[in-house]
Amino acid sequence: MSKFTVNKTLFEGLAQFFKDKNSISPFALMPDKTLSFDETDYLKETGILSGDGSINRSYHDMLSVLAAPAAAVNLLLTGGAGLYKHSIYYDATYGKCVYATYMGEDVVITDEEKPESLMDTIAKFIGKSNLKSIDFNHDFDIEEALVIAAIIDLERKLCLRSLIDEIPYDQNLYGYSKIWRTINSTSSSIQWFVHIINEVIGEYTNLSYKQVQDALERLVPRGLLSQKNGLYQLSDELVFLANRMLINDNVISVSALKQWESEVVSSGFTSVQAGVHDILYLDFNGETIKFKSVSSDELLENIDFFINNKEYFSRLTA
């Protein structure tokens, strides 16, 4: 059982000791770096490197898993608690796993941690409750998801302004142009659902004016929007959702990766949390995005599935 902490620069330097690195290795994403004499001496002093400059035997097996993992789970929490990134790397048998926790400028590498301990830490970020403030579950194509996200963001801004200015809040209606501008000009912040949806999709998506119009017209018959004199407003349940999620506290992203021959197969989800009872689960399958409200207990169960269900990787194929 081994554990050590190094800064990111030294962690990058350890990549040079491994020629064979696959696509899901953390070393594969790092720039080429050669350790300086001082850095090498420091790693010798800490025992990570042996006297001849090679990796100490007690750490070599652990770092070999990082260099060419068969699978990995990446967990990212960002928001009110700052940035917390935790990755688990599995060997080909899925029997050995190595944990990497990114804390500011430091990286903690260990094979000592237990899944239960990790879940306890995650629960402290998220909270625990079997209650949720709203029951919402709908699937949208990309255009529809961005339109819904834009109107939710507009409604949230309206509600926040009413709180700040101490004026009565009244639900608003929005036209094509306003919605189109919101989709195509939203800043990169976890506070805006348009930005989060683009992150879930994996690329920034600009919609044409016609795409926005067509998406709006598809959403009205589904009862998610209503139309009045060419303007659109959210359904009652979406207004309630927007009002419950005024300030996003956490965005939780979980991704499972498997090296499948020369390809990488991936799965996962993202959740947006405004409070312990206000969590929106987002799952993109390549074509549609699921918007689903979940309790914090449900969210923790979903995270636990990826962390503890090693059999899942054997079923994950291209």
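Refer to the structure above for everything that follows.
Residues numbered from 1 in each chain as written. Predicted model: local features only at pLDDT ≥ 70, side-chain atom pairs only at ≥ 80, totals over all residues. Heavy atoms only, no water.

Asks: Quick one: what's the story with the layout of surface pockets, residue by residue and with numbers?
Replies: Of the voids in this model, the largest pocket is the one considered here, and its volume is about 610 Å³. Surrounding the largest pocket, 25 residues form its lining, Glu 199, Val 200, Ser 253, Phe 269 and Thr 270 being those nearest its centre. Contributions of two or more residues to the lining of the largest pocket are made by β2 (71-79), α7 (193-201), β9 (250-260), β10 (263-275) and β11 (278-284). Taken together, the residues that form the lining of the largest pocket break down as twelve nonpolar, ten polar and three charged. If you trace the second largest pocket, you find 16 residues lining it, with Pro 26, Leu 29, Lys 85, Tyr 89 and Tyr 102 closest to the centre. Its residues assigned to classes, the lining of the second largest pocket comprises nine nonpolar, four polar and three charged. (1 Å grid on protein atoms, 1.4 Å probe; cavity = no way out; pocket = protein on both sides within 12 Å on 5 of 7 lines; lining within 4 Å. Points joined across faces, edges and corners; volume = space filled by probe spheres on them. Helix = DSSP H or I, 4+ residues; strand = E, 2+ residues; numbered from the N terminus. Nonpolar A, V, L, I, M, F, W, Y, C, P; charged D, E, K, R; others polar.)

Asks: Just give me the short version of the pairing of β11, but keep the residues and values in it.
Replies: Burial within β11 is extensive, with five of its seven residues counted as buried. The pairing of β10 with β11 spans five bridges and is antiparallel. Opposite Val 272, over in β11, you have Leu 280 as the bridge partner. In this structure, the hairpin formed by β10 and β11 is closed by a connection of two residues. For β11 and strand β12 (residues 288-294), the ladder comprises six bridges, and the chain directions are antiparallel. (Buried < 20%, exposed > 50% of the residue type's maximum accessible area, 1.4 Å probe, protein only. Pairing = 2+ DSSP bridges.)

Asks: Mind laying out the packing of aromatic side chains, listing which residues take part and the relevant values?
Replies: Enumeration according to the criterion identifies twelve aromatic pairs in this entry. Aromatic side chains Tyr 90 and Tyr 94 sit 6.5 Å apart centroid to centroid with 70° between the ring planes, which places their arrangement in the edge-to-face category. Per residue, the accessibility class of Tyr 90 equals that of Tyr 94, and both read buried. A ring pair is formed by Tyr 176 and Tyr 232, whose centres lie 5.7 Å apart and whose planes are at 55°; its orientation type is tilted. (Phe/Tyr/Trp six-rings, centres within 6.5 Å; stacked < 30°, edge-to-face > 60°.)

Asks: Explain the environment of Tyr 59 to me, and be specific about the residues and the numbers.
Replies: Tracing the sequence through the fold places Tyr 59 in helix α3 (residues 57-67). What makes Tyr 59 buried here is its relative accessible area of 13%. For the pair Tyr 59 and Asn 302, spaced 243 residues apart in sequence, the C-alpha to C-alpha distance is 32 Å. Dropping the residues within four chain positions of it, Tyr 59 is found in contact with Ser 2, Lys 3, Phe 4, Gly 47 and Ile 48. (Contact = heavy atoms within 4.5 Å.)

Asks: A description of the side chain of Gln 259 should follow, citing residues and the corresponding values.
Replies: Among the secondary structure elements, Gln 259 is positioned in strand β9. A polar atom in the side chain of Gln 259 sits 3.4 Å from the backbone nitrogen of Ser 23. From its side chain, Gln 259 meets the backbone oxygen of Glu 263 in a polar contact 3.4 Å long. Those residues within four positions of Gln 259 in sequence are excluded, and the remaining contacts are Asn 22, Ser 23, Ile 24, Pro 69, Ala 70 and Val 264. (Polar contact = N/O pair within 3.5 Å; in protein donor to acceptor, adjacent residues only side chain to side chain.)

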